[in-house]
Each structure stands twice: as structure tokens, then as C-alpha cells.
Amino acid sequence: MTTNCKNDLLTDDHITPIDFESIDGFPESHSWPQFDESLNKIQTHDLKDSLIPVIDLASPNAKTLISQACETWGVFQVVNHGVPFELVKKVESESRRLFALTTHEKCKVLRSVDGATGYGSPKLSPFFDKRMWHEGFTIMGSCVDDAKVLWPHEYQRFW
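Residues numbered from 1 in each chain as written. Predicted model: local features only at pLDDT ≥ 70, side-chain atom pairs only at ≥ 80, totals over all residues. Heavy atoms only, no water.

Student: Pulling in residues and values, what's your account of the overall build of the protein?
Tutor: Along the protein, the regular secondary structure elements total 4 helices and 4 strands. When the 159 residues of the protein are sorted by exposure, 31% land in the buried category. (Helix = DSSP H or I, 4+ residues; strand = E, 2+ residues; numbered from the N terminus. Buried < 20%, exposed > 50% of the residue type's maximum accessible area, 1.4 Å probe, protein only.)

Structural data, given as C-alpha cells:
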């Protein structure tokens, strides 16, 4: 597990997200070209003018809509997924708590170069010329070990 983040915006690891707390200008490394406005209008179930596609998993053409959303946007929201509302709210709350930590704290669980889980930029970042304005935390299986590092006295809630 890596325990520190590099502060250099131009590192080649493509893992370390930009430290939003330490920048004082707009880094060229993160300046993306404007995209075609026609990408704003993909077909979704009942929400044709949505900025981010909303896909109803109960829809008979959900597979097609998911494929289209992935190819066009790379992101989508699902409804009628069957996940209990209370669990969704708990995950949202823990996500806010995680991303409210300082960059230094989040970097205690920085994903390794060959790793798949932990804090960092998405694995697809190296495929782009520009860096992403993004930070994420990937979980596969249990996140208890990372929770122990970030919240040593409060990790039991992740069991």
C-alpha cells in the first residue's frame, strides 16, 4: 500500500488524482478540448434530454441503452435496480465522508500501480492525452482494511 501522493501534476503514474487543495491555477495537463454538443442528446428511457443518461433496468431495452450510454458518455444512472433506499443513503454518506478527507489522508490508501482497489484516478486514465478532473475509490470485496487505515477507531461499521 502506498502511503503518499506525489504533488507533481505531471507525474506519469496516472494514479494520483489532482490535489484540488494545492492548485492555484488551471493546469494545462487537465485542459480538455470542447466536445460535440450532439453528445448531450442520447436516447434514454423517458428522459430524452437528460445530461447523464438515466436507465430503467425494468425496461426491455435496458441492455441497448446501457451499451449506448457507455459508448457515448461512459457513465449512466440506473433506476429500478432493487437496492434498498437506506443502503443507497448509507453508501452516499460514507462516500461523502471519504471524499471530505484531505488529499494527504486519502493517499494513505492510494491504489498501487498494479493494484485494482483503493484511492486514485480511474484505470483508464493512461489511455487519454489529458488528465481527468476526477478522484475515485475502487472497492472489490471488503473495504475493511482501507477503513482501518483511514478511521482506525471507527472501521467496525464496515464489517
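This is not the end of the story, as more comes after the structure.
Student: I'd like a description of the pattern of salt bridges, backed by residues and values.
Tutor: Counted under the stated rule, the structure contains 7 salt bridges. Between Arg97 and Glu94 there is a salt bridge; the shortest N-O distance is 3.1 Å. Separated by 3 residues within a single helix, Arg97 and Glu94 lie in helix 2 (residues 85-99), roughly one turn from each other. Under the relative-accessibility criterion, Arg97 is labelled partly exposed at 21%. (Salt bridge = Lys/Arg side-chain N within 4 Å of Asp/Glu carboxyl O.)

Student: For the nonpolar core, give the residues involved together with the corresponding values.
Tutor: In this structure, Leu98, Leu101, Cys107, Val109, Leu110, Tyr119, Phe137, Val144, Ala147, Leu150, Trp151 and Tyr155 together form the largest nonpolar core, which totals 12 residues. When residues of this core are assigned to their parent elements, the largest contribution, 3 residues, is made by helix 4 (residues 144-150). (Core = buried A, V, L, I, M, F, W, Y, C linked by side-chain atoms within 4.5 Å.)

Student: Explain helix 1 (residues 62-72) to me, using residue names and the numbers behind them.
Tutor: Count 3.6 residues to each turn of an α-helix, and residues three or four apart come out pointing the same way. Of the positions making up helix 1, those classed as buried are Ala62, Leu65 and Ala69. The arc that holds every buried residue of helix 1, seen down its axis, measures 65 degrees, which confines them to one face. Along helix 1, exposed side chains directed more than 90 degrees from the buried face belong to Lys63, Thr64 and Glu71. Buried residues along helix 1 sit against strand 1 (54-56). Where helix 1 ends, the next residue or the one after it, Gly74, has phi of about 85 degrees, a positive value. (Arc of directions from axis to C-beta. Contact = heavy atoms within 4.5 Å.)

Student: I'd like a description of a nonpolar patch on the surface, backed by residues and values.
Tutor: On the surface, Phe26, Trp32, Phe127, Phe128 and Trp133 cluster together to form a nonpolar patch covering roughly 600 Å² of accessible area. Within the secondary structure layout, Trp32 lies in the segment before strand 1. In this structure Trp32 comes out as partly exposed when scored by relative accessible area, which is 36%. (Patch = residues over 30% accessible without salt bridge, like charges linked within 9 Å, V, L, I, M, F, W, Y side chains within 5 Å. Areas by Shrake-Rupley, 256 points an atom, 1.4 Å probe, with all protein chains shown as cover.)

Student: Describe in detail the packing of aromatic side chains, supporting the description with residues and values.
Tutor: We describe a pair of aromatic rings using the distance from one ring centre to the other and the angle between the two ring planes. Under the counting rule described, the total for this entry stands at 0 aromatic pairs. Taking the ring centre of Trp151 as reference, the NZ or CZ of Arg97 above it sits at 4.0 Å. (Phe/Tyr/Trp six-rings, centres within 6.5 Å; stacked < 30°, edge-to-face > 60°. Lys NZ or Arg CZ within 6 Å of the ring centre and 35° of its normal.)

Student: Talk me through the side chain of Asp56; I want residue IDs and the actual numbers.
Tutor: For Asp56, the location among the structural elements is in strand 1. In terms of polar contacts, Asp56 uses its side chain to reach the side chain of Asn80, at 2.7 Å. (Polar contact = N/O pair within 3.5 Å; in protein donor to acceptor, adjacent residues only side chain to side chain.)

Student: Talk me through unusual backbone geometry; I want residue IDs and the actual numbers.
Tutor: You will see that Asn80, though not glycine, has its phi angle at about 60 degrees, which is positive. Along the chain, Asn80 turns up in the loop between strand 2 (77-79) and helix 2.

Student: Provide a residue-level description of the environment of Glu28, including the pertinent values.
Tutor: Relative to the helices and strands, Glu28 is located in the segment before strand 1. Taking relative accessible area as the criterion, Glu28 reaches 54% and is therefore assigned exposed. Sequence separation between Glu28 and Lys130 is 102 residues; the distance between their C-alpha atoms is 8.4 Å.

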